[in-house]
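Here's the letter readout for the chains.
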Amino acid sequence: MKITIPLIALLSILFVKPVIASTTINKVENPAGQLAKYQGEILIRQDNKSKPQLIDETGAFLHIGNQLRTQKNSEAFIRWIDGSKIVMKEKSQLSINAIDYLDVDNGSVIFDIAKIQRPKPVRVGVKLAILGIRGTKFMVINQGENYNVYLKEGDITITSLAEDFKIYKNQIKSQMKQFREQFEREAKQFKSDIESDYEEFKRETKKGHAELVNEFKLIESTGIEISDGIITLIPIPKQIDEQFNLLDSF
C-alpha cells in the first residue's frame, strides 16, 4: 500500500533545528542558576554522558551536573540561585558540581560571590587546586598547566590538591601589603610605578630558598600566577581590572 506524507510534515522532519529543546532547558526543578543573557554561541551538556547542545534562548536554567562552554567571540552572563553572578569569557568551560562547587575547566571566568551566611565557603576548582571563597569578586584564568587568580575584593584561600606549592613566603608577606597600598594610592601611576616595583619584586623572589605550603591566602587588589607548582605574586593589569565592570551589566 502506498503511503503519502504531506509536504509540510516532510519539511519539518528534514529541517529540525539542532538546538536544545525548550522543554529540557527550561525545566525549573531545583535550578542552580539561570542564563541572564549571552552573546555568540553557548553550548551546554546536561551531564557527562550527553552531547553538547546549542542554547538558543535567554533565561535557560542551569542545573547541577551541567557543563557550560562559550565559543569564540562569545560570552555568558549567569545569575546564581544565591544571588551570585558569573561571567564566562570566550572559549571558557564551567562545570557545575554543586550549588557551592564549580570547576573552571579552561578559559577565563569572573565571579561575584554573594555576601550571605554560609555553612562553608564556596569552592571553585582549577587543575590540582581548590579556591575557598567568601563574599568575593575575583577572576580565574585557567590555561591548562598554568593559571592566574585575580582578587578584586574579599577573601580567597587556595589549597593544593597535589604537591605543596613552592612560595617565597617571607618576601610575599611584606610585598602583598605594599602592592595593595600602592594600588589604592597610585592608580593613575600604575604602569610607571607598580609595574616597575613588580619587576623588581620578581627579581628578588628568585633569590633564597623556597618554602613549601599547602595553602595560600590571597588578599584584595592582588593576583597570583601558579606555574609548575610555584606561586608568584602579580599585580592586576588594567585590562583585567576593567573586566570586573561586566558584573554590573546585568
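J.: Explain the overall build of the protein chain to me, please; I cannot follow it from the model alone.
T.: Helix and strand counts for the protein chain come out as five helices and 17 strands. By the burial criterion, 43% of the 250 residues in the protein chain qualify as buried. With an accessible surface of roughly 13900 Å², the protein chain has 50% of that area assigned to carbon and sulfur atoms.

J.: Which parts of the structure should I look at to understand the packing of aromatic side chains?
T.: Aromatic ring pairs are defined here through the distance separating the ring centres and the angle between the ring planes. Within this structure, the stated rule accounts for two aromatic pairs. Plain terms: the ring middles of F77 and F250 are 5.3 Å apart, the flat faces sit at 75° to each other, and that makes the pair edge-to-face. Placement of F77 in strand β6 (residues 75–80) and of F250 in the segment after α5 (238–243) is noted, with a sequence separation of 173 residues between them. Under the relative-accessibility criterion, F77 is labelled buried at 5%. Under the relative-accessibility criterion, F250 is labelled buried at 13%. Over the ring of F250 we find K85, and its NZ or CZ is 5.2 Å from the ring centre. The lysine or arginine in question, R123, covers the ring of Y101, its NZ or CZ lying 4.3 Å from the ring centre.

J.: Before we go on, may I ask you to explain the pairing of strand β10 (residues 122–126) in this structure?
T.: Counting buried residues in β10 gives four out of five residues, a clear majority hidden from the surface. For strand β9 (residues 101–112) and β10, the ladder comprises three bridges, and the chain directions are parallel. Note on β10: the bridge partner recorded for D103 is G125. Here β10 runs beside strand β11 (residues 129–143); their pairing, made up of five bridges, is antiparallel. Note on β11: the bridge partner recorded for V122 is I133. Two successive antiparallel strands, β10 and β11, enclose a turn made up of two residues, where L128 displays a positive phi of approximately 65°.

J.: Please explain unusual backbone geometry as it appears in this structure.
T.: Peptide bonds are, in most cases, trans, and in most cases residues other than glycine have a negative phi. In this model, K91 sits at a positive phi of 55°, which is unusual for a non-glycine residue. Within the secondary structure, K91 is located in the loop between β7 (85–88) and β8 (93–98). Positive phi is not limited to glycine here, since D228 has a value of about 55°. By the secondary structure assignment, D228 is in the loop between β16 (222–227) and β17 (230–234). Exposure remark for D228: the relative accessible area of 68% places this residue in the exposed category.

J.: Would you mind going over the environment of F77 with me for this structure?
T.: For the pair F77 and L247, spaced 170 residues apart in sequence, the C-alpha separation works out to 8.3 Å. With residues up to four places along the chain from it excluded, the contact list for F77 reads Q34, L35, A36, K37, Y38, I86, V87, L246, S249 and F250.

J.: I'm lost on a nonpolar patch on the surface in this one. Help?
T.: A surface patch of nonpolar side chains, about 260 Å² in accessible area, is lined by I64, I81 and I99. In this fold, I81 is placed in the loop between β6 and β7. The class of I81 is exposed, set by a relative accessible area of 54%.

J.: Please explain the pattern of salt bridges as it appears in this structure.
T.: When the charged atoms of two side chains lie near each other, side chains of opposite charge can form a pair. Counted under the stated rule, the structure contains six salt bridges. For D241, the salt bridge goes to K152, with nearest N and O atoms at 2.7 Å. In this pair, D241 is assigned in helix α5 and K152 in strand β12 (residues 146–160), connecting sequence segments 89 residues apart.

J.: Any chance you could explain the pairing of β17 here in plain terms?
T.: It is a general feature of regular strands that their side chains alternate between the two faces of the sheet. Among the five residues that make up β17, four are buried, leaving the element largely enclosed by the rest of the structure. One ladder, built from five bridges, connects β16 with β17; its direction is antiparallel. What sits directly across from I226, in β17, is I231. Adjacent in sequence and paired antiparallel, β16 and β17 are bridged by two residues, among which D228 carries a positive phi angle near 55°.

Rules used throughout
Residues numbered from 1 in each chain as written. Predicted model: local features only at pLDDT ≥ 70, side-chain atom pairs only at ≥ 80, totals over all residues. Heavy atoms only, no water. Helix = DSSP H or I, 4+ residues; strand = E, 2+ residues; numbered from the N terminus. Buried < 20%, exposed > 50% of the residue type's maximum accessible area, 1.4 Å probe, protein only. Areas by Shrake-Rupley, 256 points an atom, 1.4 Å probe, with all protein chains shown as cover. Phe/Tyr/Trp six-rings, centres within 6.5 Å; stacked < 30°, edge-to-face > 60°. Lys NZ or Arg CZ within 6 Å of the ring centre and 35° of its normal. Pairing = 2+ DSSP bridges. Contact = heavy atoms within 4.5 Å. Patch = residues over 30% accessible without salt bridge, like charges linked within 9 Å, V, L, I, M, F, W, Y side chains within 5 Å. Salt bridge = Lys/Arg side-chain N within 4 Å of Asp/Glu carboxyl O.

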